[in-house]
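Chain by chain, the residues run as shown.
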Amino acid sequence: MVRDLDAVVVGGGAVGSAVAALLATAGVRVAITDPEVGGPSATRYSGGLVRSYEPTSAARVLGVRSHQLLWGTESEERRSAGFRRTGSLTLLGPDRLAEAAAGIAELQSGGIAARLLDVGQLRTEHPGIATTGLAGAIWEPGGGYADPGSFAAMKRRTALENGAVKLPGGAVRRLVPGPSDVVVHTSTATATSSVVVLAAGAGTPALLPAALSPSGGTLRTKAIRYAFFDRAGRCVPTVSDLVTGMWGRPQLDGVFEGGFLTGRPGREWDVPPRGADELVEAHITFIREGARERWPWLEGAAALGGRMGVDLYGAHGPILGPLPGAPRVVVAAGWSGAGFKTAPAAAERAANAALAALGSSAPGGP
Ligand SMILES: Cc1cc2nc3c(=O)[nH]c(=O)nc-3n(C[C@H](O)[C@H](O)[C@H](O)COP(=O)(O)OP(=O)(O)OC[C@H]3O[C@@H](n4cnc5c(N)ncnc54)[C@H](O)[C@@H]3O)c2cc1C
């Protein structure tokens, strides 16, 4: 039995690792789980697109705060996370323009450069993009992409350097919340902790105490795939297309340097956590068929490779905060294929909730 822990963070992806770093640097005695024990993380396979605009106000708050905490800084942390600035476009249909105007105002008041482009400006400034079905776009010059694996590894290092310990016994099998602590059962060990932060991605629903689950069946896993195509020297920004659901970004270095990463929403729900570093031809064709409507030059572009991963989707948005009925369990999960860019702010919220449950004063932030 491991005793006297202030906090256990379940989940070694982007969110859990960032929570652990914050708690450890705040002086909390925190134990962390191994990144691989619960199966492949979404973070490991994430495309890493980073921007601040999100189509809902709740998500935008996290986007703006993440920009302030990390993506908009010139910090060593941002460099360690492999951030590359490419600019980011969010493509909008006519039904999105009113929300976009409100969102741009929110970004600007958070200190983030953003402006609305009409279709004519979009055609002139970004000629590689077909404008079918579009009414405009949001341009964020500070957007880009980063390396999610490097971000999580950096945060994990910070946690360990500041006194975090590794939770023995492999994957967490069960959480039993009580009035003054939470009992954490792993494969071979038991620990008690004053608070647990549950950031286990696709592994989260299985660990929510059944009687307390807020999900009501609304948390589901989904497979996400993307492919790299040769962009033949084209200079293209990071793009999120709210009309087709497609997204893409250039790859500026590494194995797929010179490529254009593009992903298409998948159709497979309720899949177990898994990941792959290559795709079969049928999946690459499926992605190309979706992508060429927006990037016609992809029609004949050589496919360089692809990846797939699984993320947890929340029908009503993410779950971020203490579990109703079990305030010592703080949940941070359900990012619906978009949780890397907002991990800094999501982690801050979860860490503050954990500190509040511990009775400590929160280190700041909204
Ligand atoms: C293919 C793909 C592309 C994506 N592209 C983007 C993108 O471009 N931009 C963006 O912002 N977001 C993107 N996302 C979404 C984003 O990557 C995820 O939302 C985010 O990484 C989730 O982080 P997390 O820490 O919450 O969960 P995860 O990264 O899934 O980590 C969960 C962790 O919990 C562990 N775990 C699970 N069960 C247990 C257990 N029982 N005991 C102990 N540990 C356990 C797992 O092993 C893992 O370490 C993408 C996702 C995928 C799959």
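Residues numbered from 1 in each chain as written. Predicted model: local features only at pLDDT ≥ 70, side-chain atom pairs only at ≥ 80, totals over all residues. Heavy atoms only, no water.

A.B. asks: Would you mind showing me how to read the overall build of the protein here?
C.D. replies: A count of helical and extended segments in the protein gives ten helices and 19 strands. A compact globule built from 366 residues should have a C-alpha radius of gyration of about 21 Å, and the protein, at 20 Å, falls within 12% of that. C-alpha extents for the protein along the principal axes are approximately 60 × 45 × 40 Å. Counting over 366 residues, the protein shows a buried share of 52%. (Helix = DSSP H or I, 4+ residues; strand = E, 2+ residues; numbered from the N terminus. Rg over C-alpha atoms; globule rule 2.2 N^0.38 Å. Buried < 20%, exposed > 50% of the residue type's maximum accessible area, 1.4 Å probe, protein only.)

A.B. asks: How should I be thinking about the environment of G245 in this particular structure?
C.D. replies: In this structure, G245 sits in the loop between β14 (238-241) and β15 (247-250). Of the residues examined, G245 reaches a relative accessible area of 28% and is grouped as partly exposed. With near-sequence residues (within four places) excluded, G245 lies in contact with G263 and P265. (Contact = heavy atoms within 4.5 Å.)

A.B. asks: Help me understand the site of the ligand, please; the structure alone is not making it clear to me.
C.D. replies: In the neighbourhood of the ligand, 38 residues make up the surrounding shell, with P35, G39, T43, L49 and D311 lying closest. Interatomic distance of 2.8 Å between a backbone N/O atom of L49 and an oxygen atom of the ligand. Between the ligand and K341 there is a distance of 2.9 Å, counted from an oxygen atom to a side-chain nitrogen or oxygen. Protein chains shield 97% of the accessible area of the ligand, which is 1,000 Å² for the free molecule. Residue assignment for the shell around the ligand shows that the elements contributing at least two residues are α1 (14-25), α2 (42-45), β13 (219-230) and β17 (303-314). Residue classes in the shell around the ligand are distributed as 19 nonpolar, 17 polar and two charged. Three or more residues apiece are contributed to the shell around the ligand by two domains, here domain 1 (2-44 + 149-215 + 316-358) and domain 2 (86-142 + 219-314). (Near = heavy atom within 4 Å. Polar contact = N/O pair within 3.5 Å; in protein donor to acceptor, adjacent residues only side chain to side chain. Areas by Shrake-Rupley, 256 points an atom, 1.4 Å probe, with all protein chains shown as cover. Nonpolar A, V, L, I, M, F, W, Y, C, P; charged D, E, K, R; others polar. Domains from an automatic or database assignment.)

A.B. asks: Just checking my understanding: could you explain the packing of aromatic side chains for this structure?
C.D. replies: For any pair of aromatic rings, geometry is given as the distance between the ring centres together with the angle between the planes. Following the criterion strictly, the structure yields ten aromatic pairs and no others. Here the aromatic rings of Y226 and W247 are separated by 5.9 Å at their centres, their planes lie at 65 degrees, and the arrangement is edge-to-face. A residue pair is termed long-range when its members are at least 10 positions apart, and Y226 in strand β13 and W247 in strand β15 qualify at 21 residues. Judged by its relative accessible area of 18%, W247 is buried. Aromatic ring contacts, followed pair by pair, group W71, F83, F151 and F340 into a single cluster. Over the ring of F286 we find R264; its NZ or CZ atom is 4.0 Å from the centre of that ring. (Phe/Tyr/Trp six-rings, centres within 6.5 Å; stacked < 30°, edge-to-face > 60°. Lys NZ or Arg CZ within 6 Å of the ring centre and 35° of its normal.)

A.B. asks: What exactly am I supposed to notice about the sheet that holds strand β3 (residues 49-50) here?
C.D. replies: To summarise the sheet geometry, strands pair through backbone hydrogen bonds and adopt either a parallel or an antiparallel arrangement. Across the sheet, three strands lie side by side as β3-β8-β4; this open sheet has antiparallel pairing. Looking at strand neighbours, the two that pair on one side only are β3 and β4 (84-85), the edges of this open sheet. Across two bridges, the pairing between β3 and strand β8 (residues 144-145) is antiparallel. Looking at the pairing, V50 lines up with G144 of β8. (Pairing = 2+ DSSP bridges.)

A.B. asks: Mind showing me how you'd approach the layout of surface pockets here?
C.D. replies: In this approach, a probe sized like a water molecule rolls over the atoms, and the result shows the empty space that is left. Considered as a void within the structure, the second largest pocket measures approximately 380 Å³ in volume. Looking at the lining of the second largest pocket, the elements that each hand over two or more residues are α2, α7 (148-161) and β13. Here the lining of the second largest pocket is built from residues that sort into eight nonpolar, seven polar and six charged. When residues are assigned to domains, the lining of the second largest pocket turns out to be shared by domain 1 (2-44 + 149-215 + 316-358) and domain 2 (86-142 + 219-314), each giving three or more. (1 Å grid on protein atoms, 1.4 Å probe; cavity = no way out; pocket = protein on both sides within 12 Å on 5 of 7 lines; lining within 4 Å. Points joined across faces, edges and corners; volume = space filled by probe spheres on them.)

A.B. asks: Please explain the confidence of the model for the protein as it appears in this structure.
C.D. replies: As a general rule, the predicted coordinates of low-pLDDT regions are not to be interpreted in detail. For the protein, per-residue confidence averages 94 on the pLDDT scale, and 96% of positions sit at 70 or higher. Note on residues 361-366: pLDDT under 50 across the span, and 14 contacts to partners over four residues away in sequence or across chains. (pLDDT = per-residue confidence, 0-100.)

A.B. asks: I tried to follow the domain arrangement of the protein on my own but got confused; where do I start?
C.D. replies: We note that the domain assignment places domain 1 (2-44 + 149-215 + 316-358) and domain 2 (86-142 + 219-314) within the protein. Measuring from the centre of the C-alpha atoms in domain 1 to the corresponding centre in domain 2 gives 30 Å. Buried surface at the junction of domain 1 and domain 2, both sides included, amounts to about 1,200 Å², of which 60% is carbon and sulfur. In terms of surface lost to domain 2, no three residues of domain 1 exceed P40, A202 and S336, which account for 35% of the buried area on that side. At the junction of domain 1 and domain 2, the tally comes to one salt bridge. On inspection of domain 1 and its partner domain 2, the count reaches seven residue pairs in polar contact (both at pLDDT 80 or more). Mapped onto the side of domain 1 that touches domain 2, the elements with two or more residues apiece are α2 and α8 (204-207). (Buried area = accessible area lost by both parts, 1.4 Å probe. Salt bridge = Lys/Arg side-chain N within 4 Å of Asp/Glu carboxyl O.)

A.B. asks: Would you explain the nonpolar core in this entry?
C.D. replies: The nonpolar side chains of a soluble globular protein tend to be buried, and buried together. Of all hydrophobic cores here, the largest spans 39 residues; its most connected members are V9, V19, L23, V30, W71, F151 and V197. For this core, the elements supplying multiple residues, two or more each, are β1 (2-10), α1, β2 (30-32), α3 (57-71), α7, β12 (190-198), β19 (326-333) and α10 (343-358). No other element matches α10, which puts nine residues into this core. Sequence-distant contacts of W71, that is, excluding residues within four places in its chain, are made with V50, S66, R78, A81, F83, A146, F151, F340, K341 and P344. Residues I129, V236, M246 and L279 belong to the second largest nonpolar core, which totals 27 residues. (Core = buried A, V, L, I, M, F, W, Y, C linked by side-chain atoms within 4.5 Å.)

A.B. asks: Please clarify how the side chain of T33 should be interpreted in this entry.
C.D. replies: By the element assignment, T33 lies in the loop between β2 and α2. Within polar-contact distance, the side chain of T33 engages the backbone nitrogen of G11 at 2.8 Å. Dropping the residues within four chain positions of it, T33 is found in contact with V9, V10, G11, G12, R156, L167 and V172.

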